[in-house]
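Analysis of the macromolecular model
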Amino acid sequence: MLAKEVRQRYIDFFVNKHGHKQIAGASLIPENDPTVLFTTAGMHPLVPYLLGEKHPAGKRLVNHQKCVRTDDIDEVGDICHLTFFEMLGNWSLGDYFKKEAIEMSFDFLTCPADKGGLGLDSANLCVSCFEGDKDAPKDDEAAAVWESLGFKRHTKGKPLNGGQIWFYAKKDNWWGPAGQTGPCGPDTEMFYDTGKPKCPLCDTKGPSCECRKYIEIWNDVFMQYNKNDDGSFSPLKQQNVDTGLGLERVVALLQGVKSPFETELFKDAIDKIYELAGIKGTDETAISVRIIADHLRAAVFILGDKFGVAPSNTDQGYILRRLIRRAIRHGKKLGIAYNFTDRIALIYIDFYKDVYPELEEFHEKIITELQNEEEKFMKTLIHGEKEFEKMLPNLLKNKEKILPGRLAFKLFDTYGFPIEMTEELAKENGLKTDKQGYIDAYKKHQELSRCGAEQKFAGGLADHSEATTKLHTATHLLHKALIMVLGDHVAQKGSNITVDRLRFDFSHPDKMTDEQLKKVENIVNEQIKRALEIKCEEMTVSEAKEKGAIGLFESKYGDRVKVYTVGDFSMEICGGPHVQNTSELKSFKILKEQSSSSGIRRIKAVIG
Ligand code: SER
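Residues numbered from 1 in each chain as written. Predicted model: local features only at pLDDT ≥ 70, side-chain atom pairs only at ≥ 80, totals over all residues. Heavy atoms only, no water.

Comments concerning unusual backbone geometry
Convention followed: Each helix is a run of DSSP H or I of at least 4 residues and each strand a run of E of at least 2, with the numbering of both proceeding from the N terminus.
Pro177 follows Gly176 through a cis peptide bond whose omega is -5 degrees. Relative to the elements of secondary structure, Pro177 occurs in the loop between β7 (174–175) and β8 (182–193). Positioned with a positive phi, Arg212 is a non-glycine residue whose angle comes to about 60 degrees. Mapped onto the elements, Arg212 comes out in the loop between α6 (202–205) and β9 (214–227). The backbone of Lys586 shows a phi angle near 65 degrees, a positive value even though the residue is not glycine. Checked against the element boundaries, Lys586 lands in the loop between β17 (570–573) and β18 (588–597).

A few points about the site of the ligand
Our working definition: One heavy atom within 4 Å of a molecule or strand makes the whole residue count as near it. In protein, a polar contact means a hydrogen-donor-capable atom and an acceptor-capable atom, both N or O and within 3.5 Å, with residues adjacent in sequence counting only if both atoms are side-chain atoms; elsewhere, any N or O pair within 3.5 Å suffices. For every accessible area listed, the method is Shrake-Rupley and the probe measures 1.4 Å; residues are considered covered only by the protein chains on display. Classification convention: Asp, Glu, Lys, Arg as charged; Ala, Val, Leu, Ile, Met, Phe, Trp, Tyr, Cys, Pro as nonpolar; all other residues, Gly among them, as polar.
Close contacts around the ligand come from Ala41, Met43, Arg69, Met87, Trp175, Asn219, Val221, Asp242, Thr243 and Gly244, and that covers them all. Taking Thr243, its main chain carries an N or O atom lying 3.3 Å from an oxygen atom of the ligand. The contact in question runs from an oxygen atom of the ligand to an N or O atom on the backbone of Gly244, over 3.2 Å. In the complex, the protein chains occlude 95% of the 230 Å² of accessible area that the ligand would expose alone. Secondary-structure elements contributing two or more residues to the shell around the ligand are β9 and β10 (233–246). The biggest single contributor to the shell around the ligand is β10, with 3 residues. For the shell around the ligand, the per-class residue count stands at 5 nonpolar, 3 polar and 2 charged.

Notes on the nonpolar core
Formally: Only buried residues count toward a nonpolar core, which is a set of Ala, Val, Leu, Ile, Met, Phe, Trp, Tyr and Cys residues joined through side-chain atoms within 4.5 Å. Three labels apply to residues, based on accessible area from a 1.4 Å probe with only protein chains included: buried if under 20% of the type maximum, exposed if over 50%, partly exposed otherwise in between. Contact definition: two residues touch when any of their heavy atoms are within 4.5 Å.
Counting 127 residues, the largest nonpolar core has Trp146, Ile217, Trp218, Ile302, Tyr348 and Ile366 as the members making the most contacts within it. A total of 11 residues in this core trace back to one element, the largest contributor, which is helix α9 (residues 283–303). Filtering out sequence-adjacent residues up to four positions away, Trp218 remains in contact with Tyr10, Phe14, Asn90, Ser105, Phe108, Leu109, Thr188, Glu189, Met190, Thr243, Gly244 and Leu245. If you look at the next biggest cluster of nonpolar residues, it comprises 32 residues, including Ala474, Phe506, Ile590 and Ile603.

Observations regarding helix α8 (residues 264–277)
Threshold: By this rule, a helix spans an expected 1.5 Å times one less than how many residues it contains.
Given a rise of 1.5 Å per residue, 14 residues ought to cover 20 Å, and the 20 Å separating the end C-alpha atoms of α8 matches this to within 8%. Those residues of α8 that sit buried are Glu264, Leu265, Phe266, Ala269, Ile270, Ile273, Tyr274 and Ala277. On the buried face of α8, the contacting elements are α1 (3–17), α7 (247–254), α9 and α11 (341–352). At the exit of α8 stands Gly278, carrying a positive phi of roughly 65 degrees.

Regarding the packing of aromatic side chains
Test applied: Planes of paired rings set the category: under 30 degrees apart is stacked, over 60 is edge-to-face and the rest tilted, where pairs are Phe, Tyr or Trp rings (Trp by its six-membered ring) whose centres lie within 6.5 Å.
In total, this model carries 30 aromatic pairs according to the counting rule given. The interplanar angle of 80 degrees and the centroid separation of 5.0 Å between the aromatic rings of Phe351 and Tyr352 together place this pair among those described as edge-to-face. Given a relative accessible area of 34%, Phe351 falls into the partly exposed group. Of the aromatic side chains, those joined through ring pairs into one cluster are Tyr10, Phe13, Phe14, Phe108 and Trp218.

Topic: the sheet that holds strand β19 (residues 600–607)
As a reminder of what qualifies: Paired strands, in this sense, are two strands between which DSSP finds at least two bridges. Here an axis means a line fitted to C-alpha atoms, over the contact stretch when the element is a helix, while the angle between two N-to-C directions is reported on a 0 to 180 degree scale.
Reading across the sheet, the 4 strands line up as β13-β14-β19-β18 and stay open at both edges, with antiparallel pairing between neighbours. Single-partner strands in this sheet number two, and they are β13 (492–497) and β18. The mean inter-strand angle of the sheet, taken between neighbouring strand axes irrespective of direction, is 20 degrees. The strands touched by helix α17 (residues 466–486) within the sheet are β13, β14 (502–507), β18 and β19, with β14 carrying the most contacts at an inclination of about 30 degrees.

A look at the pattern of salt bridges
Counted only if it meets this: One side-chain nitrogen of Lys or Arg within 4 Å of one carboxyl oxygen of Asp or Glu is enough to make a salt bridge.
If you walk through the whole model with that rule in mind, you get 35 salt bridges. The salt bridge partner of Glu210 is Lys205, with a shortest N-O separation of 3.3 Å. Classification of Glu210 as exposed rests on a relative accessible area of 63%. A salt bridge links Asp505 to Arg602; its shortest N-O distance comes to 2.8 Å. In this pair, Asp505 sits in strand β14 while Arg602 sits in strand β19, placing the two residues 97 residues apart along the sequence. The burial state of Asp505 is the same as that of Arg602; both residues are buried.

Concerning the confidence of the model for the protein chain
Quick reminder of the rule: Values of pLDDT, which run from 0 to 100, indicate the predictor's confidence residue by residue.
The pLDDT averaged across the protein chain works out to 89; a share of 94% of its residues lies at or above 70. Segment residues 449–462 is flagged for pLDDT under 50; beyond a separation of four residues in sequence, or across chains, it makes 28 contacts in the model.

Here we look at the side chain of Glu572
In plain terms, the rule: Only four residue types enter the charge count: Lys and Arg as positive, Asp and Glu as negative, with His and the chain ends excluded.
Its location among the elements puts Glu572 in strand β17. Notably, Glu572 is buried but unbridged: the nearest opposite-charge side chain belongs to Lys480, and the N-O separation is 9.2 Å. Beyond its immediate stretch of four places on either side in the chain, Glu572 contacts His476, His479, Gln492, Ala549, Ile550, Gly551, Lys562, Val563 and Tyr564.

Notes on the environment of Gly42
Within the secondary structure layout, Gly42 lies in the loop between β1 (21–22) and α2 (47–50). As a C-alpha pair, Gly42 and Gln65 span 23 residues in sequence and 5.5 Å in three-dimensional space.

Observations regarding the pairing of β9
Of all the 14 residues making up β9, 12 are buried; the element is thus mostly covered by neighbouring parts of the structure. The sheet contact formed by β8 and β9 spans 10 bridges and is antiparallel. Bridged to Pro183 within β9 is Asn226. Alignment of β9 against β10, held across 9 bridges, turns out to be antiparallel. Looking at β10, one finds that Lys227 is bridged to Phe233. Where β9 hands over to β10, the hairpin turn is made up of 5 residues, of which Gly231 adopts a positive phi near 90 degrees.

Section: the packing of α8 against α11
Where we set the bar: Note on terminology: angles under 35 degrees are roughly parallel, angles over 145 are roughly antiparallel, angles of 65 to 115 are roughly perpendicular, and the others are oblique. Note: crossing handedness is left-handed where the near helix turns anticlockwise from the far helix by less than a right angle, and right-handed where it turns clockwise.
Packing of α8 against α11 leaves a shortest axis separation of 10 Å and a crossing angle of 160 degrees. Classified by the angle their axes make, α8 and α11 are roughly antiparallel. As α8 runs across α11, the sense of the crossing is right-handed. Each of Glu264, Leu265, Phe266, Asp268, Ala269, Lys272, Ile273 and Leu276 in α8 lies in contact with α11, whose residues at this interface are Arg343, Ile344, Ile347, Tyr348, Phe351 and Tyr352.

Describing the sheet that holds strand β16 (residues 560–566)
As summarised here, the arrangement of the 3 strands in space is β15-β16-β17, forming an open sheet in which the pairing is antiparallel. In the strand order of this sheet, the two ends are held by β15 (534–540) and β17, each with one partner. Each strand axis lies, on average, 25 degrees off the axis of its neighbour in the sheet, ignoring direction. The pairing of β15 with β16 spans 7 bridges and is antiparallel. Bridge pairing links Ile534 to Val566 in β16. Each of β15, β16 and β17 touches α17; the most contacted strand, β17, lies at about 115 degrees to it.

Have a look at this one:
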């Protein structure tokens, strides 16, 4: 079964058999969510609805979502880690709960292929449930549903076998909140036997054993708790289900291959990499090939997104830069002459454009940015080589003839030199490299960047605090005021809100004058003074258009959308949330107007 078919079957199963509405996947770069760099699960864009906001498409939703997870970027290269992946997900927003969710999952996995399921053998399935702790009880409820489907609770000391229910602690069987606070709950995970022989730990560890005899394919999260600021858990207003099925993994499983890299999702790209390198696969080269194939696929999707970014030295742009450069380094390692990233990108664009038409829309941007980055990086490689030559005389003077680890790391960090390349270069010049010193410097650096990443998440996922809600309403006022002052060509190109400020990107060819900025500021402040009420209505996209609503018109929420009106001033398609009255904003001030990218301006502003 090809990926395309699995994706479609999943949607059809939940739409036709279980009354779900398909919603479009969200942007890979989160909107109005300062706490995460990328969308990492289908539930991210749905947080307001998991917290109780009404979703215009109803209470049963399904989609396929583009995701990027970079926490284990350094592990990519093995056969299972991916930075970009697709998540198939279904949600119940206060509708069905554990019984129906588990039954639907089981049915989809095991229902014969000619009846719309995946036709997997239930004897090869194992599941896990939450064992309970001080915050929440053991999930006997979920386990009982699995029992009704023929599964048996595993007893301690007995061997691991298919058809068993294992109980694990929070670390394994609890999902969320994605940040510090927010919706979360116990989950039940579904594992499938790869057929590999057991390792010595399998019988003790069960299906989550790291040897990966079993691989986790699906996670049903029962979002029934909210994690509060003080670390306590309280029941949510509504009980939700959030599930996520990893498309690439399931496809590999269904095709009987060991890894997603052996499926059609990567095949053409991998063949091309080997062709360009003029080599045949060996275990050693396979790692580099997988890194290139994975990183460039992720880069294509990050560049080819509605809010796609370009390589830079901050936030998403920096992750993108690392992905591209790491791919280039490994290309060089395989002996590929430069300018190959665009050729691999073309393969992905072509392969995915039916399902993700934005890749075709941003075709040119993807290719140009990759070419530019590749050229830039080749230059730093040359600079790095020069730097090395400068270091050389001094190093040759010392008796040990050693290239210290910190210098090897500098070559890596500043010029992107892989350690292998540095070692080679050193050897050619009669030097030995202190590899351990390099590893230590690298680890230290990793710890520092991990701290940075944790800080990024520390604010909590989709922080719907009072401050951000107010800034969100201010963004609507600003958007409308910009259209009034600059003209109808102004359209939102991105929005990012932290508790301290809003940031709004919009299309406009020139730098704004001081006079224009003042005008915009005055208009917004006037609406705040007028104490306008904010109302939310649901309507179809065409009704919204007819009424003159602004905003992003693609039917992100299916046919019906939410429209927020601010008194008689603005009307905008939006998921919310917003304050009730503009007077809550107190005042509005623009801090900065600058270029964001070609034809796009950026405004940073504060309120209160
Ligand atoms: N949010 C859960 C996960 O990411 C289920 O989709 O695994």
